[in-house]
Amino acid sequence: MQGLFITFEGIDGAGKSSHIDTLAQALRAAGRQVTLTREPGGTPLAEKLRAMLLHDAMDALTETLLVFAARRDHLRVVIEPALARGDVVLCDRFTDATFAYQGVGRGFDLQVLSYMERLAQTGIALEPDLMRNPDLTLWFDVPPEVAAERLAAARTPDRFEAEGVEFFTRVARGYADRAAGATQRFARLDGAQPRAQVAAQMLAAVAARGWLQGATP
Ligand SMILES: Nc1ncnc2c1ncn2[C@@H]1O[C@H](COP(=O)(O)OP(=O)(O)O)[C@@H](O)[C@H]1O
Ligand SMILES: Cc1cn([C@H]2C[C@H](O)[C@@H](COP(=O)(O)OP(=O)(O)O)O2)c(=O)[nH]c1=O
């Protein structure tokens, strides 16, 4: 079976983590093996880098280098082997987050990011020239004010979540720009709706691609 790479994106508090298990269950019910993972993180090395990224002060270049270092290790150790086995890989965040947070959020040069994206995501897959990209990106789009309200009620903020609404307004614009540049890959979900409706939108986006139809030879 063909591997599939599906990413979950959106600003902090958009509802990504709340919905990833629902999709995993639906895919398993359709006969698929699922690998659940997240970024930054997903391997022992990348989880160490994640802890630094979320808690230690650093400039935007250091942040970007660490994010891509974590991503390359994650691709090498987890994502590419899972895709080669034919799994569906569900990943909570990937490179769109780097364009949204480090790029538009922090103001890091987008062309340099594109170069780093190519460098970090090429040369690991079985096809040597392939730059690994998601097959589908589920974009949980919520107004920054709604996300901030949810987070205030939910958890102690990390270094990103402690940013103000202006930062998240830029990050949200970063996601909208990425989505506009890859309309086939992105499915926009209205994340401000109640959970059941968000879940239904998510399942419909995956079903529309024929990926919930049960095992196919
Ligand atoms: N559709 C929704 N409506 C209301 N609250 C939600 C919804 N989805 C998630 N939440 C709540 O919002 C908070 C952030 O959700 P979470 O899934 O952790 O977001 P993310 O992973 O995108 O940062 C959690 O407390 C979660 O229970
Ligand atoms: C993958 C990635 C995440 N991030 C940030 C966004 C999030 O605030 C943070 C951690 O992501 P996340 O796992 O979504 O946080 P949580 O578990 O608290 O919901 O890392 C970047 O800045 N750039 C990136 O490339």
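In this convention, every chain numbers its residues from 1, walking through the sequence in written order. Here every chain gets a letter starting at A, and every ligand a number starting at 1, in the order they are written. Residues qualify for local features only when their pLDDT is at least 70, as the model is predicted, and side-chain atom pairs are given and counted only at 80 or more; totals for whole chains, interfaces and linings, by contrast, use all residues. Think of the side-chain values as coming from all heavy atoms in the structure, minus any hydrogens and water.

Counted only if it meets this: UniProt positions are given in the numbering used here, feature names are shortened, and annotations may be inferred rather than shown by experiment.
In the nomenclature of an unreviewed UniProt entry, the protein is known as Thymidylate kinase of Diaphorobacter limosus. Word for word, the UniProt comment on the protein under Sequence similarities (unreviewed entry) is "Belongs to the thymidylate kinase family."

1. Points about the overall build of the protein
To keep it simple, the criterion reads: A run of DSSP states H or I qualifies as a helix once it reaches four residues; a run of E qualifies as a strand once it reaches two. Both are numbered from the N-terminal end. Only the C-alpha atoms count toward the radius of gyration. The rule for a globule is 2.2 Å times the residue count to the power 0.38. Residues are treated as being in contact if the distance between any of their heavy atoms lies within 4.5 Å. Only the protein chains shown count as cover for residues, and all accessible areas are computed by the Shrake-Rupley method using a 1.4 Å probe. Charged residues are defined narrowly, with Lys and Arg counted positive, Asp and Glu counted negative, and His plus the chain ends left uncounted. Throughout, a charge is located at the NZ atom of Lys, the CZ atom of Arg, the CG atom of Asp or the CD atom of Glu.
Looking only at helices and strands, the protein has eight helices and five strands in total. Reading the secondary structure of the protein in the N-to-C direction produces β-α-β-α-α-β-α-α-β-α-α-β-α. Radius of gyration (C-alpha) of the protein: 17 Å, near the 17 Å computed for a compact globule of 217 residues. When contacts within the protein are restricted to residue pairs at least 6 apart in sequence, those whose partners lie at least 24 apart make up 77%. Working note: accessible area of the protein is about 10,200 Å², and carbon and sulfur atoms make up 54% of it. Of the charged side chains in the protein, 24 are positive and 27 negative; the average position of the first set lies 3 Å away from that of the second.

2. Things to note about the sheet that holds strand β5 (residues 186-190)
The line we're drawing: Should DSSP find at least two bridges between two strands, the strands are taken to pair. The axes used here are C-alpha line fits, helices contributing only the stretch in contact, and every angle between their N-to-C directions lies in the interval 0 to 180 degrees.
Sheet architecture is open: five strands sit in the order β2-β3-β1-β4-β5, paired in parallel fashion. Taken across any chain shown, the strands that pair with only one partner, and hence form the sheet edges, are β2 (34-38) and β5. Strand after strand, the sheet turns through a mean of 20 degrees between neighbouring axes, direction not considered. Where β2 meets strand β3 (residues 88-92), five bridges bridge the pair, whose relative direction is parallel. In the sheet register, Val34 faces β3, and the bridge partner there is Val88.

3. So, the site of ligand 2
As a reminder, the rule being used: Consider each residue's heavy atoms; a residue with any of them within 4 Å of a molecule or strand counts as near. Between N or O atoms, a polar contact is any pair within 3.5 Å; within protein, one atom must be a potential hydrogen donor and the other a potential acceptor, and residues adjacent in sequence are included only when both atoms are from side chains. Put simply, Ala, Val, Leu, Ile, Met, Phe, Trp, Tyr, Cys and Pro go in the nonpolar bin, Asp, Glu, Lys and Arg in the charged bin, and everything else, Gly too, in the polar bin.
For ligand 2, the set of nearby residues contains 16 residues, the closest of which are Asp12, Arg93, Thr98, Gln102 and Glu161. Between Arg71 and ligand 2, the recorded distance is 3.2 Å, taken from a side-chain N or O atom to an oxygen atom. One of the side-chain nitrogen or oxygen atoms of Thr98 is found 2.6 Å away from an oxygen atom of ligand 2. Considered on its own, ligand 2 offers 550 Å² of accessible surface; in the complex 93% of this is hidden by protein. Residue assignment for the shell around ligand 2 shows that the elements contributing at least two residues are α2 (44-55), α3 (60-85) and α4 (95-105). Per element, the largest residue contribution to the shell around ligand 2 is four residues, and it comes from α4. In terms of residue class, the shell around ligand 2 is made up of six nonpolar, two polar and eight charged.

4. Structural notes on the side chain of Thr137
For the record, the criterion: Per-residue accessibility, obtained with a 1.4 Å probe over protein chains only, is compared with the maximum for each type, and a residue is labelled buried under 20%, exposed over 50%, and partly exposed between these values.
Structurally, Thr137 is set in strand β4 (residues 136-141). You can call Thr137 buried: its relative accessible area is 0%. Separated by 2.6 Å, the side chains of Thr137 and Arg185 make a polar contact. Sequence-distant contacts of Thr137, that is, excluding residues within four places in its chain, are made with Thr7, Glu9, Asp96, Arg185, Phe186 and Ala187.

5. Here's the deal with the nonpolar core
Put simply, the rule reads: In this text, buried Ala, Val, Leu, Ile, Met, Phe, Trp, Tyr and Cys residues form a nonpolar core when linked through side-chain atoms within 4.5 Å.
Among the nonpolar cores identified, the biggest contains 37 residues, and Phe8, Ile11, Leu23, Leu90, Tyr101 and Leu138 are the most heavily contacted of them. Those elements that provide at least two residues to this core are β1 (4-9), α1 (16-29), β3, α4, β4, α7 (165-180), β5 and α8 (195-207). Per-element accounting of this core gives the leading share, six residues, to α7. Every residue in contact with Tyr101, bar those within four places of it in the chain, is listed here: Gly10, Ile11, Asp12, Arg93, Arg106, Phe160, Phe167, Phe168, Val171 and Tyr175.

6. A short note on helix α6 (residues 144-154)
Convention followed: When we speak of the arc, we mean the arc of directions from the helix axis to the C-beta atoms.
The set of residues buried in α6 consists of Pro144, Ala147 and Leu151. Taken end-on, α6 shows its buried residues confined to a sector of 65 degrees, consistent with a single buried face. For α6, the exposed residues set more than 90 degrees away from the buried face come down to Glu149, Ala152 and Ala153. On its buried side, α6 packs onto α7.

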